[in-house]
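Given next are the chains, with one letter for each unit.
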Amino acid sequence: MLSVSSLVKRLQLVLLSLLIGLGVLAFLPHPAAAETYTVKMGSDKAQLIFDPPSLTINQGDTVQWVNNKVYPHNVVFDKVPGGDAALAAKLSHKALLTAPKQVVESAFVDVPAGEYTYYCTPHRGAGMVGKIIVNG
Ligand SMILES: [Cu+2]
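Throughout what follows, the structure given in this document is the object of discussion. Because the structure is predicted, anything quoted here is derived from the model rather than measured. (Residues numbered from 1 in each chain as written. Predicted model: local features only at pLDDT ≥ 70, side-chain atom pairs only at ≥ 80, totals over all residues.)

### Here's the deal with the sheet that holds strand 5 (residues 73-79)
Picture the strands of a sheet paired through backbone hydrogen bonds; they go either parallel or antiparallel.
Now for step 1: As summarised here, the arrangement of the 5 strands in space is 3-9-8-5-6, forming an open sheet in which the pairing is mixed. Taken across any chain shown, the strands that pair with only one partner, and hence form the sheet edges, are strand 3 (54-58) and strand 6 (93-97). Recorded for the sheet is a direction-independent mean angle of 25° between the axes of neighbouring strands.
Now for step 2: Here strand 3 pairs with strand 9 (residues 129-135) via 5 bridges, running parallel. Paired with Asn58 across the bridge in strand 9 is Asn135. (Pairing = 2+ DSSP bridges. Helix = DSSP H or I, 4+ residues; strand = E, 2+ residues; numbered from the N terminus. Axes fitted to C-alpha atoms, helices over the stretch in contact; angles between N-to-C directions.)

Structure follows, in structure tokens:
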């Protein structure tokens, strides 16, 4: 027959093991949740830029481009890591966005880390170019 005090001790042990288990779980590496970032096409002050012009993300994140000011705009990737033309085409949105607040997005899932550069076809000459840096 167990005494009350030995029962309490066993309970304490069980609780302690549970707490240690939970504590260990908290420190195990877990993948960061995928984020979605927004880039404005045309700044609020109507400059012909992608805002922000450069954005650093992690693999698995998504970038949304929002038609903001002085459109039409589009998103055309010209340089991607390894010069993968198929990947550049997949990330691009060549159709011109003509309506306010139109959104296009690209998910940077299963892509190599590195620098991705893109431009807007009508405004490339005006300097409307952007860069996405994907962390490995
Ligand atoms: Cu543009």
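### Regarding unusual backbone geometry
Now for step 1: Between Asp51 and the following residue, Pro52, the backbone shows a cis peptide bond with an omega angle of 5°.
Now for step 2: For Pro52, the position within the fold is in the loop between strand 2 (50-51) and strand 3.
Now for step 3: Tyr71 connects to Pro72 through a cis peptide bond whose omega is 15°.
Now for step 4: Tracing the backbone shows Pro72 in the loop between strand 4 (62-67) and strand 5.
Now for step 5: The phi angle at Val70 is positive, at roughly 40°, despite the residue not being glycine.
Now for step 6: You can call Val70 partly exposed: it has 18 C-beta atoms within 10 Å.
Now for step 7: Of note in this structure, Lys101 is not a glycine but carries a positive phi near 65°.
Now for step 8: Its location among the elements puts Lys101 in the loop between strand 6 and strand 7 (103-107). (Buried ≥ 20, exposed ≤ 12 C-beta atoms within 10 Å, placed from the backbone.)

### Brief notes about the environment of Asp110
Now for step 1: Among the structural elements, Asp110 can be located in the loop between strand 7 and strand 8 (114-119).
Now for step 2: Sequence-wise, Asp110 and Gly60 are 50 residues apart; in three dimensions their C-alpha atoms are separated by 7.0 Å.

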